[in-house]
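Breakdown of the fold
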Amino acid sequence: MGQPTGATVVYPNATEERFDDATDALERMNQGIIEYSYDYAPALIPEAGGELSLWRYRDLLPLPEGAVQYPLQIGGTPLHPVPGLRELLGMSDLWVKDETRTPTGSNKDRATALVLEHAIRDDRPVVSCASTGNVAASLAIGAASCGRKAVIFVPAHASDAKLRLMRLAGATILQIRQGYEAAFKLSEEAAAAFGWYSRNTGYNPLTTEAKKTVALEIWEQFGRQMPDVMVSPVGDGPTLSALAKGFRELVACGVAERMPRIIGVQAEGCQPIVRAWRTGEPIAASEPDTLADGIAVEMPVSGPSVLRDVRESGGDFVTVSDDDLLQAINDMAERGGLLAEPAGAAGFAGTKAALSEGLIGSDERVAVLMTGTLFKNMSYGRAFTKAHEIDADLGQVREIVEAE
Ligand SMILES: Cc1ncc(COP(=O)(O)O)c(C=O)c1O
């Protein structure tokens, strides 16, 4: 494990704590090479009112002074009241934080924005990352928006639609046969060797800082109140850990009294963190066997922080099967008007599981993180059989509508 090697104030409010360098990238990520902290005070939180956006929280971000140059709109995603899903689950105060309303339809766009803001200011022409798909699509499109070159390392199972998006944005894509972990290591080696700017989540601590703004928005959208429970999918882990950091910092700033209980959701076919939670053993690699590519992570880099965050929040974990995920995709579409990809629907599927396991009460205020859009994965969801071909005749319309 690395040792802290000192803290420096590098941005207006942010203190950067560095840890000593280990050679292995994964090892470095487990210890979190850099963490940011702030002189927490209510003054760091913006006044109520005004437009929601990631940059609204710049006093709680590692960001130099000066105007933001990243051109795409980021943050301020909706928190839906979902009446149909409330009715379906018998939950009176269920909400969905819709992180698909972003430039590329996933929660990755926040981190991409802050990383690219730094790349622009530091004049770094090439940015790189390893990803199961959404990070890569996000970086490719984000880089295109501000004239950077993106080099993307993806595992062999990345979805075709995501690969097409990356190509459309002009990224160089390297598909690594040995899978995600190998892609990740190679991307770190390449960034170091060629001087590229790495956006790898967990490695680049800016990503956590950007993603924590989801928690700040949720708190603001609830009228500056915490939900009772926050449900989040877990793949590599930074999404959940960043949420926890956001909630923790609201408490540290003295504007909230407690964190919500955080419930992490993994796929039954890839649950290394849940297994460690239940057995007390260290996290061990698990061969992914799930259709939810976003959470099919063999050896989660932020696993230890996720375990700590969930424990500290008084939360828990659940697992969901692929059938549960497909059902959740259909339910979210049919009863919520929300289009989620499998990993993006894991939060909702996990909420259903947590409710039936008694981990959450039916009248608690529960916020579910929806992380990725179905648009990039249209092959999931209810199978499309056939449209009804009819004559232009009102009687036939009535007949079909009454039968469905
Ligand atoms: C749609 C979606 N949901 C959830 C996750 C999991 O996030 P994390 O790896 O931060 O745990 C991912 C990660 O790629 C994703 O793409």
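Residues numbered from 1 in each chain as written. Predicted model: local features only at pLDDT ≥ 70, side-chain atom pairs only at ≥ 80, totals over all residues.

1. A closer look at the sheet that holds strand β10 (residues 229–233)
Spatial strand order, β4-β5-β13-β10-β11-β12: six strands in an open sheet with mixed pairing. At either end of the open sheet lies a strand with only one pairing partner, and these are β4 (79–80) and β12 (316–320). Bridge analysis of strand β11 (residues 261–267) against β12 gives five bridges, and the strand direction is parallel. Pairing of I263 across the sheet is with D316, part of β12. Along the sheet, helix α10 (residues 272–279) makes contact with β11 and β12, crossing β12 at roughly 130°. (Pairing = 2+ DSSP bridges. Helix = DSSP H or I, 4+ residues; strand = E, 2+ residues; numbered from the N terminus. Contact = placed C-beta atoms within 7 Å. Axes fitted to C-alpha atoms, helices over the stretch in contact; angles between N-to-C directions.)

2. Comments concerning the site of the ligand
Around the ligand sit 18 residues, and of these G235, D236, T239, G294 and G372 come closest. Within the residue set of the shell around the ligand, elements represented by two or more residues are α4 (134–145), α9 (238–252) and α13 (342–356). Grouping the constituent residues of the shell around the ligand by class yields six nonpolar, ten polar and two charged. (Near = placed C-beta within 6 Å. Nonpolar A, V, L, I, M, F, W, Y, C, P; charged D, E, K, R; others polar.)

3. A few points about the pairing of β11
In terms of burial, β11 is a largely internal element, seven of the seven residues being buried. Residues R261, I263, V265 and A267 line one face of β11 and the alternating positions I262, G264 and Q266 line the opposite face, and both faces are buried. Here five bridges tie β10 to β11, and the two strands are oriented parallel to one another. Residue pairing for β11: V229 is matched across the bridge by R261. Between β10 and its parallel partner β11, the chain crosses via α9, and the hand of that crossover is right-handed. (Buried ≥ 20, exposed ≤ 12 C-beta atoms within 10 Å, placed from the backbone. Right-handed = clockwise from strand over helix to strand, strands pointing away.)

4. Things to note about the packing of α9 against helix α11 (residues 303–313)
It is the contact of α9 with α11, at a shortest axis distance of 9 Å, that shows an interaxial angle of 40°. On the basis of their axis angle, the class for α9 and α11 is oblique. Considering how the two elements wind past one another, α9 and α11 form a crossing that is left-handed. Of the residues in α11, those touching α9 at L240, S241 and A244 are S305, V306, D309 and S313. (Parallel < 35°, antiparallel > 145°, perpendicular 65-115°, else oblique. Left-handed = near helix turned anticlockwise from the far one by under 90°.)

5. Examining the environment of E181
When you line up the elements, E181 lands in helix α6 (residues 180–194). On the basis of neighbour counts, which here come to 17 C-beta atoms within 10 Å, the residue E181 falls in the partly exposed class. For the pair E181 and V154, spaced 27 residues apart in sequence, the C-alpha separation works out to 9.8 Å. Beyond its immediate sequence surroundings of up to four residues, E181 is in contact with E298 and M299.

6. Some thoughts on α9
End to end, α9 covers 20 Å across 15 residues, agreeing with the expected 21 Å (1.5 Å per residue, within 8%). Along α9, twelve of the 15 residues are buried, which leaves the element largely enclosed by surrounding structure. All of the buried residues along α9 are P238, T239, L240, S241, A242, L243, A244, K245, G246, F247, E249 and L250. Where α9 is buried, its residues meet α7 (206–211), α8 (213–221), β10, β11 and α11. One or two steps after α9, the chain reaches G254, where phi turns positive at roughly 85°. (Expected span 1.5 Å × (residues − 1).)

7. Focus on the environment of A144
Tracing the chain through its elements places A144 in helix α4. Once the C-alpha coordinates of A144 and A169 are considered, the two residues, 25 residues apart in sequence, prove to be 5.9 Å apart. Not counting residues within four places of it along the chain, the set of residues in contact with A144 comprises A169 and G170.

8. Looking at unusual backbone geometry
Although it is not a glycine, D123 sits at a positive phi angle of roughly 55°. Checked against the element boundaries, D123 lands in the loop between α3 (108–121) and β6 (126–130). One non-glycine residue, R224, lies in the positive phi region at around 65°. When you line up the elements, R224 lands in the loop between α8 and β10. Note on R224: 12 C-beta atoms within 10 Å, which makes it exposed.

9. Re the confidence of the model for the protein
Taken as a whole, the protein shows an average pLDDT of 90; of its residues, 92% reach a score of 70 or greater. In the model, residues 21–32 has pLDDT below 50 throughout and makes 19 contacts with residues more than four positions away in sequence or in other chains. (pLDDT = per-residue confidence, 0-100.)

10. Here we look at the sheet that holds strand β8 (residues 172–176)
Strands sit in the order β8-β7-β6-β9 across an open sheet of four strands; the sheet is parallel. Edge positions in the open sheet fall to β8 and β9 (197–198), since each of these has one partner strand only.

11. What about the nonpolar core?
Nonpolar side chains tend to gather and get buried jointly when the protein is soluble and globular. Formed by 107 residues in total, the largest nonpolar core has its most connected members in A140, I152 and V368. No other element matches α13, which puts eight residues into this core. Other than its neighbours up to four places away in sequence, I152 contacts C129, S131, A136, L139, A140, M166, A171, T172, I173 and L174. (Core = buried A, V, L, I, M, F, W, Y, C linked by C-beta atoms within 7 Å.)

12. Focus: α11
For α11, every residue scored as buried is listed here: G303, S305, V306, L307, D309, V310 and S313. In this structure, the buried residues of α11 make contact with α9, β11, α10 and β12. One or two residues past the end of α11 sits G314, with phi positive at roughly 80°.

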